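One letter stands for each residue in the lines below.
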Amino acid sequence: MPVFEDGVVGADKLDEELEDWSSGSFRLRGRRFTLEWLGEDETEAVHREHGWMSG
């Protein structure tokens, strides 16, 4: 089972965390990843493709 680092960001790292998210990235285990938010139509298509639609 993988070890997860998902949790509360400490006050000493909060500014850095918010700057990363504002710039469209996040860090995990020493690596930086880029975020790309999907638009409404793209989101619906992905949800349909993967069976995530509610209802």
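To be clear, the structure that these remarks concern was listed above.
Below, the structure is looked at part by part. (Residues numbered from 1 in each chain as written. Predicted model: local features only at pLDDT ≥ 70, side-chain atom pairs only at ≥ 80, totals over all residues. Heavy atoms only, no water.)

## Points about the side chain of Asp20
Tracing the backbone through its elements, the reader meets Asp20 in helix 1 (residues 11–22). A polar contact is formed between the side chain of Asp20 and the side chain of Arg32, at a distance of 3.2 Å. Sequence-distant contacts of Asp20, defined by excluding residues within four places in its chain, comprise Ser25, Phe26, Arg27 and Arg32. (Helix = DSSP H or I, 4+ residues; strand = E, 2+ residues; numbered from the N terminus. Polar contact = N/O pair within 3.5 Å; in protein donor to acceptor, adjacent residues only side chain to side chain. Contact = heavy atoms within 4.5 Å.)

## Quick look at helix 1
Since the α-helix turns once every 3.6 residues, residues separated by three or four places project in the same direction. Taking 1.5 Å per residue as the helical rise, helix 1 with its 12 residues ought to reach 16 Å, and the 17 Å between its terminal C-alpha atoms agrees with that figure. Looking one or two residues past helix 1, Gly24 carries a phi angle of roughly 85°, positive in sign. (Expected span 1.5 Å × (residues − 1).)

## Observations concerning the side chain of Ser25
On the secondary structure map, Ser25 appears in strand 1 (residues 25–28). Beyond its immediate chain neighbours, meaning those up to four positions away, Ser25 contacts Asp20, Arg32, Phe33, Thr34 and Leu35.

## Focus on the pairing of strand 1
The pairing of strand 1 with strand 2 (residues 31–34) spans 4 bridges and is classified as antiparallel. Looking at the pairing, Ser25 lines up with Thr34 of strand 2. Hairpin connection, strand 1 to strand 2: the antiparallel pair is bridged by 2 residues, and Arg29 has positive phi, about 50°. (Pairing = 2+ DSSP bridges.)

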